[in-house]
Amino acid sequence: MNQEDYAPQDARQDEDAYDDAEATRREAGEAESSRASRGWWDRNADEYQSEHGAFLGDDRFVWGPEGLDEEQAGLLGPAASLKGKRVLEIGAGAAQCSRWLAAQGARPVALDLSHRQLQHALRIGGEVPLVEADACRLPFRDASFDLACSAYGAVPFVADPVNVMREVHRVLRPGGRWVFSVTHPIRWAFPDDPGPEGLSVAASYFDRTPYVEQDEQGRAVYVEHHRTLGDRVRDVVAGGFRLLDLVEPEWPEWNAQEWGGWSPLRGNLIPGTAVFVCERD
């Protein structure tokens, strides 16, 4: 992408078609999920970056709404070890994590399905290469990266996450680390509410039926897929990885913000994020 690709646009264009989207639980395959995700993030990138940009920063690596920072967590390895490493960030959004990696001397590539999210990466600036592509079909040669990471990107939104795992495995060199974060699976049993109502179990944790928002014609405009904690572990193994660690960040005292269903109230009682630290054999 080039700098001239970034141009102001009406963030509400075509939004009326989605204002009355119906929320439901139903099956959604790979093509429908991918199409819905691309459209949703293109429509909502402006609002997302406006609302959360200050928390994410321009060059900060945050694993989730709790504020777990890679600089302190070192899940990809000590910061000093990143120098010279080729790193693929999947679901990069505006490439905030990739800019932090570049500042450590790494050589990151930021990939996202959404053109509009990558336009925000151009707006912020920097020298990080940007690639618009689907995480299930990575446009890179085998064994071309040392590390791969994803902070809430791609994995929750694909119908078959093993496809992503296998693609990441393919492009990583032997011994390469793959670290990704997702909504903690236990949250699917609770309403997506930051207040007291979000503390009562409302659905079966074992119901894997995807959450879908659809328009009047029944076309999905947003899809998110639920996997149990055990499912996620099995996906990692099926993709050819060894699970080194599973991090469940606690809510820190300094963080007073609410982010959707994430809040200090809920974060002090139940986990909101799961971070999987994996290694390619």
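One can find the structure itself at the top, above this paragraph.
Residues numbered from 1 in each chain as written. Predicted model: local features only at pLDDT ≥ 70, side-chain atom pairs only at ≥ 80, totals over all residues. Heavy atoms only, no water.

Draft legend 1. Local environment of the overall build of the protein chain. Within the protein chain one finds eight helices and 10 strands. The C-alpha atoms of the protein chain give a radius of gyration of 18 Å, which matches the 19 Å a tight globule of 281 residues would have. Across its three principal axes, the protein chain shows a C-alpha extent of roughly 45 × 40 × 40 Å. Taken across its 281 residues, the protein chain has 53% of its residues classed as buried. As displayed, the protein chain has an accessible area near 12800 Å², and 48% of this comes from carbon and sulfur atoms. (Helix = DSSP H or I, 4+ residues; strand = E, 2+ residues; numbered from the N terminus. Rg over C-alpha atoms; globule rule 2.2 N^0.38 Å. Buried < 20%, exposed > 50% of the residue type's maximum accessible area, 1.4 Å probe, protein only. Areas by Shrake-Rupley, 256 points an atom, 1.4 Å probe, with all protein chains shown as cover.)

Draft legend 2. Representation of the sheet that holds strand β4 (residues 130-132). The strand order across the open sheet formed by seven strands is β4-β3-β2-β5-β6-β10-β9, and the pairing between neighbours is mixed. Both edges of this open sheet fall to β4 and β9 (241-247), since each of them pairs with a single strand only. Neighbour-to-neighbour, the strand axes of this sheet turn through a mean angle of 20°, independent of strand direction. Inspection of the sheet shows strand β3 (residues 107-112) paired to β4 by three bridges, in the parallel sense. Bridge pairing links Ala110 to Leu130 in β4. Contacts from helix α4 (residues 96-103) reach β2 (86-90), β3 and β5 (145-151), with the element oriented near 175° to β3. (Pairing = 2+ DSSP bridges. Axes fitted to C-alpha atoms, helices over the stretch in contact; angles between N-to-C directions. Contact = heavy atoms within 4.5 Å.)

Draft legend 3. Geometry of the environment of Glu30. Relative to the helices and strands, Glu30 is located in helix α2 (residues 30-56). Remark: the alpha-carbon pair of Glu30 and Val158, spanning 128 residues in sequence, is separated by 6.4 Å.

Draft legend 4. Representation of the side chain of Arg187 within the structure. Note on placement: Arg187 falls in the loop between β6 (172-183) and β7 (211-214). Although Arg187 is buried, it forms no salt bridge, and the closest oppositely charged side chain is Glu66 at an N-O distance of 5.3 Å. A polar contact of 3.0 Å, which involves the side chain of Arg187, links it to the backbone oxygen of Pro271. The residues touching Arg187, leaving out its near neighbours within four places in the chain, are Gly261, Trp262, Arg266, Gly267, Ile270, Pro271 and Gly272. (Lys, Arg positive; Asp, Glu negative; His and termini not counted. Salt bridge = Lys/Arg side-chain N within 4 Å of Asp/Glu carboxyl O. Polar contact = N/O pair within 3.5 Å; in protein donor to acceptor, adjacent residues only side chain to side chain.)

Such coordinate-based values are descriptive only and should not be taken to indicate function.
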